[in-house]
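# Residue-level structural notes
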Amino acid sequence: MVLHHILPAFGTGLSSLMAPLPFLATAEAEDSPIILSGVLLTLVVIYLASKLGGEVAQRLDFPPVLGELVAGVIVGVSALHLVVFPEGGISASDSVIMTFLQSLNQLTPDAVTRIFASQSEVISVLAEIGVIILLFEIGLESDIRQLKEVGVQATVVAFVGVAAPFAAGTVGLMTIFHVAAIPAIFAGAALTATSIGITSKVLSELGQLKSKEGQIIVGAAVIDDILGIIVLAVVASLAKTGEIDVVNVIYLIVSATAFLLGSILLGGIFNSTFVSVVEHLKTRGNIVIPAFIFAFVMAFLGNAIHLEAILGAFAAGLVLDETDTRNELDELIKPIADLLVPIFFVTVGARADLGVLNPAVPENRAGLLIASFLIVVAIIGKVITGWAVFGQPGINRWAIGVGMIPRGEVGLVFAGIGTASGVLDKPLEVSIIIMVILTTFLAPPFLRVAFGQSKEAATIEAGGK
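Keep in mind that this is a model prediction, so the values were computed, not measured.

## Overview of the overall build of the chain
The number of helices and strands found in the chain is 19 helices and zero strands. Accessible surface, the chain: about 19100 Å² in total, of which carbon and sulfur atoms supply 68%.

Written out as structure tokens, the structure is:
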């Protein structure tokens, strides 16, 4: 996610995901029509993949988002090379779409490389906007009153979900695999991440977003994201200078707390202003345009104070959830989300290189062994968070723990920064990527099973009474 502002650029490994992204106007004028062609063809592939993947998953009784992720893997760097990005050594010649455009327009190799970089940046921007809209929608679907009720539990879950895997991963790597302290700390930090985008989407598809478990998971995931940013700042400064920048850490803690609490406390003022604006606008888009202005301003503010844009969008959704126009706004946002959110999920899958799972490659073997350890720690370290919930009799602790498992794109950012800064060697980098991939893909079906078991148990219990 957008964590680039914590540190200066860390090389090209994840630049299209993290660095400020130029638009078509920055490319050479003669490249613009071809860049647009590349973007359009890539979007066609993404939409076809997301729809086919979602439909197949739905028919197999899995969450559609899992189908979108798998479809992304198929069209991405692991298989068809239709949707690829200039990361990890991927070049324009590896892209089927770029090869097609080169043959169609008789492009020079330099022009193809330039166009490939610009086209990838545009898709990355659209994916970022997609996840911002997703979190805005999730905020609208969440109940701020219920989030306040479970706020203490969500905070405890988040802290356990960060501390347990971080400590177990770091200590285990140092004692069992004899990894040096700083690389072990960096790998342990990668275990702390939680992908709120993936988890919240699955909860919404399962109809569990407003459940007590769902609200605890979403609240904990938001806090987890903030803690993840702070942990990343700490370990990155440690890797860079050997010392922790205490001032930066304190700044992040204070700004994160003030931003989220301030957004909620000032919600009444924002609501009345929003309703007043909507009542005075008479043209088409009188509700949805002001809503998106507010969401994007909040996302910008979150980004500007070194948090994540998605946290600002989520806070905006929570605030507008209490307005009288909330139900109408919900319906207006859905088609926009349907258009942009799949770009995010397909690109997450497309970036996942399953080639790191190949034991025939010598440099992957050490990584596979370490990855096995990290996967166990990653799953157990989050599953136990369900048992950190207190004062909630009958709560589905399995579902809460499983909902915290997926690392998603956030975990990939940790791996990318660690590699670019020279902290992680190839086996450790591979092991983190494997852990991220498997936790991302295992969580949706596991979450489905966890909630399914709960319903069955409730049915059996009711029948026995």
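What follows picks up the thread again.
## Quick look at the pattern of salt bridges
Throughout the structure, instances matching the rule amount to three salt bridges. Linking Asp224 and Lys382 is a salt bridge whose minimum nitrogen-to-oxygen distance equals 2.8 Å. Linking Asp224 in helix H10 (residues 212-241) with Lys382 in helix H16 (residues 362-383), this pair joins segments that are 158 residues apart in sequence. On the basis of relative accessibility, which here comes to 1%, the residue Asp224 falls in the buried class. For Lys334, the salt bridge identified is with Glu331, shortest N-O distance 3.2 Å. Of this pair, Lys334 and Glu331 both sit in helix H15 (residues 326-351), separated by three residues, roughly a single helical turn.

## Some remarks on the packing of aromatic side chains
What the rule picks out here adds up to five aromatic pairs. Grouping aromatic residues by their ring pairs yields a cluster made of Phe136, Phe292 and Phe296. When the ring centre of Phe85 is taken as origin, the NZ or CZ atom of Arg351, which lies over that ring, is 3.9 Å away.

## A few points about the packing of helix H5 (residues 109-141) against H15
Two elements in contact, H5 and H15, have axes separated by 7 Å at closest approach and are oriented at 135°. One finds that H5 runs oblique with respect to H15. Our pair here, H5 against H15, has a crossing hand that is left-handed. Across the contact of H5 with H15, the residue classes tally to 18 nonpolar, three polar and six charged.

## Comments concerning the nonpolar core
In terms of nonpolar packing, the biggest core is built from 142 residues, with Phe136, Leu173 and Ile432 touching the most fellow members. Sort the elements by how many residues they give to this core and H5 lands first, with 15 residues. Apart from the residues within four sequence positions on either side, Leu173 is in contact with His178, Val179, Ala184, Ala187, Ile370, Phe373, Leu374 and Leu428.

## Examining unusual backbone geometry
Positive phi is not limited to glycine here, since Gln106 has a value of about 55°. Turning to its location among the elements, Gln106 is positioned in the loop between helix H4 (96-105) and H5. Located in the positive-phi region is His178, a residue other than glycine, with phi close to 55°. Inspection of the secondary structure puts His178 in the loop between helix H7 (151-175) and helix H8 (181-190). Accessibility expressed as a relative area gives 66% for His178, which makes it exposed.

## What about the environment of Pro362?
Among the secondary structure elements, Pro362 is positioned in helix H16. The sequence separation of Pro362 and Pro427 amounts to 65 residues, and the corresponding C-alpha distance is 9.8 Å.

## So, the environment of Ile375
Structurally, the position occupied by Ile375 is in helix H16. By relative accessible area, Ile375 is classed as buried at 15%. Each C-alpha atom of the pair Ile375 and Ile434 lies 8.1 Å from the other, and the pair is 59 residues apart in sequence.

## Concerning H4
Taken as a whole, H4 has its buried residues at Ile97, Met98 and Leu101. The buried residues of H4 occupy one face: seen down the axis, they fall within an arc of 95°. Buried residues along H4 sit against helix H2 (32-59) and H5.

## Concerning the confidence of the model for the chain
Averaged over the chain, the pLDDT score is 80; the fraction of residues at 70 or greater is 84%. Summarising per-element confidence for the chain, the mean pLDDT is lowest in helix H1 (residues 15-18) (39) and highest in H2 (93). A low-confidence stretch, residues 453-465 (pLDDT under 50), is modelled with three contacts involving residues beyond four sequence positions or located in other chains.

## A word on a nonpolar patch on the surface
On the surface, Ile289, Ile293, Val297, Phe300 and Leu301 cluster together into a nonpolar patch covering about 470 Å² of accessible area. Tracing the chain through its elements places Leu301 in helix H13 (residues 288-304).

## Focus on the environment of Ala111
Assignment of secondary structure puts Ala111 in helix H5. For Ala111, a relative accessible area of 8% gives the class buried. Sequence spacing of Ala111 and Glu30 is 81 residues, and the spatial spacing of their C-alpha atoms is 9.8 Å.

## A few points about the side chain of Thr194
Among the structural elements, Thr194 can be located in the loop between H8 and helix H9 (196-205). Residue classification places Thr194 among the buried residues on the basis of a relative accessible area of 0%. Separated by 3.3 Å, the side chain of Thr194 and the backbone oxygen of Met404 make a polar contact.

## Details of the packing of H5 against H13
Two packed helices can be described by the angle between their axes and the distance between those axes. Their axes nearest at 11 Å, the elements H5 and H13 cross at an angle of 110°. Relative to H13, the element H5 lies roughly perpendicular. Read as a crossing pair, H5 and H13 show a hand that is right-handed. Across from Ile132, Ile133 and Phe136 in H5, the residues of H13 making contact are Ala291, Phe292, Ala295, Phe296 and Ala299. Looking at the contact of H5 with H13 residue by residue, the class counts come to eight nonpolar, no polar and no charged.

Basis of the calculations
- Residues numbered from 1 in each chain as written.
- Predicted model: local features only at pLDDT ≥ 70, side-chain atom pairs only at ≥ 80, totals over all residues.
- Heavy atoms only, no water.
- Helix = DSSP H or I, 4+ residues; strand = E, 2+ residues; numbered from the N terminus.
- Areas by Shrake-Rupley, 256 points an atom, 1.4 Å probe, with all protein chains shown as cover.
- Salt bridge = Lys/Arg side-chain N within 4 Å of Asp/Glu carboxyl O.
- Buried < 20%, exposed > 50% of the residue type's maximum accessible area, 1.4 Å probe, protein only.
- Phe/Tyr/Trp six-rings, centres within 6.5 Å; stacked < 30°, edge-to-face > 60°.
- Lys NZ or Arg CZ within 6 Å of the ring centre and 35° of its normal.
- Axes fitted to C-alpha atoms, helices over the stretch in contact; angles between N-to-C directions.
- Parallel < 35°, antiparallel > 145°, perpendicular 65-115°, else oblique.
- Left-handed = near helix turned anticlockwise from the far one by under 90°.
- Nonpolar A, V, L, I, M, F, W, Y, C, P; charged D, E, K, R; others polar.
- Core = buried A, V, L, I, M, F, W, Y, C linked by side-chain atoms within 4.5 Å.
- Contact = heavy atoms within 4.5 Å.
- Arc of directions from axis to C-beta.
- pLDDT = per-residue confidence, 0-100.
- Patch = residues over 30% accessible without salt bridge, like charges linked within 9 Å, V, L, I, M, F, W, Y side chains within 5 Å.
- Polar contact = N/O pair within 3.5 Å; in protein donor to acceptor, adjacent residues only side chain to side chain.

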